[in-house]
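This is what each chain is made of:
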Amino acid sequence: MFTGIIQACGALRATREVGGDRRLEFTTAGLDLDGVKPGDSIAVNGCCLTAVELGAGHFAADVSQESLDRTTLGSLKPGDPVNLEPALTLATPLGGHLVSGHVDGVGEVVDVSPAGRSQRWRFRAPASLARYIAEKGSIAIEGISLTVNQVEGPEFEVNIVPHTAAVTSLGQYRPGQPVNIEVDLLARYLERLLESGHSAASDGVSEALLRRSGFLGG
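A. View of the sheet that holds strand 6 (residues 81–86). Around the barrel, six strands lie side by side as 1-2-5-4-3-6; this closed barrel has antiparallel pairing. On average, each strand axis in the sheet is inclined to that of its neighbour by 45°, with strand direction left out of account.

This is the structure:
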């Protein structure tokens, strides 16, 4: 699990084929790897990857063809910026929202416009994900925890403050750029609850209902 608070903006350093998968090597741009060991998870542009090699200022991870096809990792070129976040620990402040690192789909940047000192960004999500995106809800774009300001069909807007633009890859993105999208986990769970045959509007969301639907044990 992750928080969507980016710890460093590194870059793709090199790629090579290893046994049918692709090994991607990333520079870490000052990310503290002292507590990271082989087998630990690091989110790269919102994708949960397992570190298999660690060195001074870099690490490598193996990426399956499935992940290359279903995320933006497959289109990365050496030198491209990447957002990095180590896995959440019990001592990590939860400054964003709970992010699994399992990308739901690839969208794109539609427009960027000024909004005071900030910027208003419009993204287009795959149509299949539109129902999970709600105004004032949370969403992860390239691993960044963001708040949705407005929704119009598959398109939605967020505000990017100067700090976020400066310390993440977004500062280098332009309209047309593909982006990894992970919708809020709570939206997924609510959909499951409603599909279980209960109506939250008529029955109410109670402890008994959550227990019958498998969300609570005992």
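B. Quick peek at a nonpolar patch on the surface. Taken together, M1, L94 and L98 make up a surface patch of nonpolar side chains, about 270 Å² in accessible area. Note on placement: L98 falls in the loop between strand 6 and strand 7 (105–115). By relative accessible area, L98 is classed as partly exposed at 40%.

C. Main features of the state of the cysteines. Summed over the entire model, instances satisfying the criterion amount to zero disulfides. The cysteine C47 is free of any disulfide, with C48 supplying the nearest cysteine sulfur at 9.1 Å. For C47, a relative accessible area of 5% gives the class buried.

D. Quick look at the pattern of salt bridges. Going through the model one piece at a time under the given rule, you end up with 14 salt bridges. Among the ionic contacts, a cluster of salt bridges with common partners joins E108, R120, R122, R124, E152, E155 and E157.

E. Geometry of the side chain of S118. By secondary structure assignment, the location of S118 is in strand 8 (residues 118–124). For S118, a relative accessible area of 15% puts it in the buried group. The contacts of S118, once residues within four sequence positions are left out, are N159, I160, V161 and P162.

F. Just the sheet that holds strand 12 (residues 178–183), in detail. If you trace the six strands once around the closed barrel, you get 7-8-11-10-9-12, paired in antiparallel fashion. Across the sheet, the mean angle from the axis of one strand to that of its neighbour is 45°, orientation sign disregarded. Here strand 8 runs beside strand 11 (residues 155–160); their pairing, made up of six bridges, is antiparallel. Each bridged residue has a counterpart across the sheet, and for F123 the counterpart in strand 11 is F156.

Reading the values: the criteria
- Along each chain, residues carry numbers from 1 onward, in the same order as the chain's sequence is written.
- Only residues with pLDDT of at least 70 are given local features in this predicted model, and only at 80 or more are side-chain atom pairs given and counted; all residues enter the totals for whole chains, interfaces and linings.
- Note that the side-chain values use all heavy atoms of the structure and ignore hydrogens as well as water.
- When DSSP locates at least two bridges between a pair of strands, those strands are taken to pair.
- A helix here means a DSSP run of H or I that spans at least four residues, while a strand means a run of E at least two residues long, and both kinds are numbered starting from the N terminus.
- Orientation is described by lines fitted to C-alpha atoms, with helices fitted over the stretch in contact, and by angles between N-to-C directions that extend from 0 to 180 degrees.
- Patches draw on residues past 30% relative accessible area with no salt bridge. Two like charges within 9 Å are joined, as are two nonpolar side chains (Val, Leu, Ile, Met, Phe, Trp, Tyr) within 5 Å.
- For every accessible area listed, the method is Shrake-Rupley and the probe measures 1.4 Å; residues are considered covered only by the protein chains on display.
- By definition here, a salt bridge exists when the distance from a side-chain nitrogen of Lys or Arg to a carboxyl oxygen of Asp or Glu is within 4 Å.
- A simple rule labels every residue: compare its accessible area, found with a 1.4 Å probe on the protein chains alone, to the largest value its type can have, and call it buried under 20%, exposed over 50%, or partly exposed in between.
- A pair of sulfur atoms, both from cysteines and within 2.5 Å, is called a disulfide here.
- Contact definition: two residues touch when any of their heavy atoms are within 4.5 Å.

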